[in-house]
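# Structure assessment
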Amino acid sequence: MGGKFMDESTLKSFEKPDEVREFPFGRFEIIHLDGVSLGRATYQPGWKWSVHNAPIVGTKLCHAPHTGTVLSGHGAIQYEDGQHLDLLPGTAFHITTAPHDSWVVGDDPYVSLHFLKAH
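Residues numbered from 1 in each chain as written. Predicted model: local features only at pLDDT ≥ 70, side-chain atom pairs only at ≥ 80, totals over all residues. Heavy atoms only, no water.

## Here we look at the overall build of the protein chain
Quick reminder of the rule: Each helix is a run of DSSP H or I of at least 4 residues and each strand a run of E of at least 2, with the numbering of both proceeding from the N terminus. Burial classes: relative accessible area under 20% of the type maximum marks a residue as buried, over 50% as exposed, and values in between as partly exposed (1.4 Å probe, protein chains only). When checking whether two residues touch, look at their non-hydrogen atoms; a contact exists if any pair is within 4.5 Å.
Each helix and strand in the protein chain was counted, giving three helices and nine strands. Starting at the N terminus and ending at the C terminus, the protein chain contains elements arranged as α-β-β-β-α-α-β-β-β-β-β-β. In terms of principal-axis extent, the alpha carbons of the protein chain reach across some 55 × 25 × 25 Å. A burial count over the protein chain gives 34% of its 119 residues as buried. Residue pairs at least 24 apart in sequence account for 53% of intrachain contacts in the protein chain once pairs closer than 6 positions are excluded.

Right, dumping it as structure tokens:
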């Protein structure tokens, strides 16, 4: 009854994600749409990758690329070579595979939307 375009449309909510990855001070929710996956990262004040995720992953620094946009809060990235990036609301980012650490700056949660490889 909805017509061709409405029949092909999909709505999903991060409140009911397809996958959830939880770790100390953080949560990563993933939804899968038609050929695309999106992730919402929420990190609480005090979260730092090298402290809270490194023991789980088994590397000193993160090596994964990240592409997305900051929704709220203030995050920071520091590459192994010392280059520092501030991630602020409205900022689109691409973090490379070069080893990097990241953390929440300030007293508010940091929330970002990540564009993931097709599932």
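## Some words on the pattern of salt bridges
We count it as follows: One side-chain nitrogen of Lys or Arg within 4 Å of one carboxyl oxygen of Asp or Glu is enough to make a salt bridge.
Inspection of every chain in the model, using the stated rule, returns seven salt bridges. Where Asp18 meets Lys12, a salt bridge forms, and the shortest distance between an N and an O atom there is 2.8 Å. When its relative accessible area of 37% is taken as the criterion, Asp18 is described as partly exposed. The salt bridge involving Asp101 is made with Lys48; its shortest N-O contact spans 3.9 Å. Of this pair, Asp101 sits in strand β8 (residues 100-104) while Lys48 sits in the loop between β3 (36-43) and α2 (49-52), and the two are 53 residues apart along the sequence.

## A word on the sheet that holds strand β4 (residues 66-72)
To keep things clear, this is the line we draw: Two strands are counted as paired when DSSP detects at least two bridges linking them. Fitting a line to C-alpha atoms yields each axis, with helices limited to the stretch in contact; the angle taken between N-to-C directions then spans 0 to 180 degrees.
One open sheet accounts for six strands, arranged β1-β2-β3-β9-β4-β7; its pairing is antiparallel. Each having just a single partner strand, β1 (19-23) and β7 (92-95) make up the two edges of the open sheet. If you compare each strand with its neighbour and ignore which way they point, the axes differ by 25 degrees on average.

Scope: geometric values only; no functional claims are made or implied.
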